[in-house]
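An overview of the molecular structure
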Amino acid sequence: MMSKLTDKQYIRYSSHVLLPEIGELGQLKLLQSSVLIIGVGGLGHAVAQQLAAAGVKHITLMDDDTVELSNLPRQLLFNEQDIGQLKVNIVRQKLSTAYSDCKITAVCKRFTAEDFYSVDSVNSVDLVFDCTDNFASRLLINQAVVNAKGVLISAAISGANGQLFCIAHSKQSNFHGSGCYQCLYPDDSNVSQSCAQAGVLTSALLSMASMQSLLGLNWLTSDVSQRDRLKGQLHLFNAHNLQWRKVTMSQDPDCCICTPSCI
Amino acid sequence: MITIEFNGLAQELGYNSSLLQLIELKNLNPKSLALVLNDQVVPRSRWAQIECQHSDKIDVFSAVAGG
Ligand SMILES: [Zn+2]
């Protein structure tokens, strides 16, 4: 385990080290962290880039999509030469070249029920980022993270409305209190369309991705008591009037995913 | 009657109205919404049991899933 930054790392990450809340210790934590990003579209590509640039040690990318022309205005790591190629491979190539401290693993598949039953991928990381574009995947990822007693940072946007939250298992309270994604949206919910269907401004999308990354970086560099204040809050973004609002999440006593009787 | 604030606007409501009755009064589909009562999310399974109180601030919003 590293106990000091190298001279080169000290220079590279000097803007982090200068921050009292991060410092050398916080940067060392990032350099030892491992995350899983599910969905490498508008949110996922930007979260991957920001975390790789911040010095996160290992990023696993999971997605089975290929780059399309209509992705280019909002997925800024891709260009016309990449069309038809797997997103996970392109992002791995580009970020590995730019950010040498970060190891990137590309997994070319959609998150499915199989991944839920073999939760190794979810178990072995410090954080899971849900950057997917559909409700069914979001429910499945939530269930997998709750079962693995992991930490989930989930962001979504459609049109001008963005939503972001962090849920985490704790020994004292399990998921009691904040609940899970399915406490917020039961599985019979009707959910708005994806960005491709409902439209979104890239700047609104990237604002969500930046807040999702920031929440992740804050989590990774925080201690236990600071983490208590990061989880169980739902952040609502209105891209029209540029307002953020924070509300407290609640566990549904009837939730079939996160209540003690079903974990 | 009591007065509550619904998505930022004043709303008159009969005594003993539940959150679910408020949603139905507004002709909204409960299954497409999340509800926040005074800055705290109320799980959908509780809406029928919780009565609106005078000057409650209630906001509803749709689930979004895009990324
Ligand atoms: Zn739950």
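Analysis parameters
Residues numbered from 1 in each chain as written. Chains lettered and ligands numbered in written order. Predicted model: local features only at pLDDT ≥ 70, side-chain atom pairs only at ≥ 80, totals over all residues. Heavy atoms only, no water. Contact = heavy atoms within 4.5 Å. Buried area = accessible area lost by both parts, 1.4 Å probe. Salt bridge = Lys/Arg side-chain N within 4 Å of Asp/Glu carboxyl O. Polar contact = N/O pair within 3.5 Å; in protein donor to acceptor, adjacent residues only side chain to side chain. Helix = DSSP H or I, 4+ residues; strand = E, 2+ residues; numbered from the N terminus. Nonpolar A, V, L, I, M, F, W, Y, C, P; charged D, E, K, R; others polar. Expected span 1.5 Å × (residues − 1). Buried < 20%, exposed > 50% of the residue type's maximum accessible area, 1.4 Å probe, protein only. Arc of directions from axis to C-beta. Donors = N, O, S within 2.8 Å, 3.2 Å for Na, K, Ca; no water. Phe/Tyr/Trp six-rings, centres within 6.5 Å; stacked < 30°, edge-to-face > 60°.

- As annotated in an unreviewed UniProt entry, chain B carries the name Sulfur carrier protein ThiS and is attributed to Shewanella electrodiphila.

- Going by the annotation in an unreviewed UniProt entry, the name recorded for chain A is HesA/MoeB/ThiF family protein, with Shewanella electrodiphila given as the source organism.

1. Overview of the interface of chain A and chain B
- Between chain A and chain B, the residue contacts involve 40 residues of the former and 20 residues of the latter.
- Carbon and sulfur atoms supply 52% of the area that chain A and chain B bury against each other, a total of about 2,300 Å² over both sides.
- Where chain A packs against chain B, one counts five salt bridges.
- Residues Asp188(A) and Arg44(B) are paired through a salt bridge, measuring 3.5 Å at the closest nitrogen-oxygen approach.
- Counting the contacts that link chain A with chain B gives 17 residue pairs in polar contact (both at pLDDT 80 or more).
- For the side of chain A that touches chain B, the secondary structure elements donating two or more residues are helix H4 (42-54), helix H8 (135-147), strand S5 (151-158), strand S6 (161-168), helix H9 (181-184), strand S7 (233-238) and strand S8 (243-248) of chain A.
- At four residues, S5(A) tops the list of elements feeding residues into the side of chain A that touches chain B.
- Partitioning the side of chain A that touches chain B into residue classes produces 19 nonpolar, 15 polar and six charged.

2. Some words on helix H5 (residues 87-98) of chain A
Residue and element names in this part refer to chain A.
- For H5, spanning twelve residues, the distance from its first C-alpha to its last is 17 Å, which sits close to the expected 16 Å at 1.5 Å a residue.
- Taken residue by residue, H5 has Lys87, Val88, Ile90, Val91 and Leu95 as its buried positions. Projected onto a plane normal to the axis of H5, the buried residues spread over an arc of 160° and lie on a single side.
- At its buried positions, H5 is contacted by H4, strand S2 (58-62) and strand S3 (103-107).

3. Observations regarding the pattern of salt bridges
Residues and elements named next belong to chain A.
- Tallied over the entire structure, the rule returns ten salt bridges over all chains.
- Two residues, lysine 87 and aspartate 65, come together in a salt bridge whose shortest N-O distance is 3.9 Å. In this pair, lysine 87 is assigned in helix H5 and aspartate 65 in the loop between S2 and H5, connecting sequence segments 22 residues apart.
- Accessibility expressed as a relative area gives 31% for aspartate 65, which makes it partly exposed.

4. Here's the deal with the coordination of the zinc ion
Residues and elements named next belong to chain A.
- Looking at the zinc ion, the protein donor atoms are Cys180 (SG), Cys183 (SG), Cys255 (SG) and Cys258 (SG), and they sit 2.3 Å from it.
- Counting the intervening residues between successive donors of the zinc ion yields the motif C-x2-C-x71-C-x2-C. With cysteine 183 in helix H9 and cysteine 258 in the segment after S8, this residue pair connects regions lying 75 residues apart in the sequence.

5. As for the packing of aromatic side chains
All names here are of chain A.
- Enumeration over the complete set of coordinates arrives at four aromatic pairs over all chains.
- Measuring from centroid to centroid gives 6.0 Å for phenylalanine 135 and tyrosine 181, while their planes differ by 55°, and the two rings are tilted. One end of the pair, phenylalanine 135, is in helix H8; the other, tyrosine 181, is in helix H9, and 46 residues separate them in sequence.
- With a relative accessible area of 4%, tyrosine 181 lands in the buried category.
- Ring geometry for phenylalanine 237 versus tryptophan 244: centroids 4.6 Å apart, planes at 25°, classification stacked.
- For phenylalanine 237, a relative accessible area of 7% translates into the label buried.

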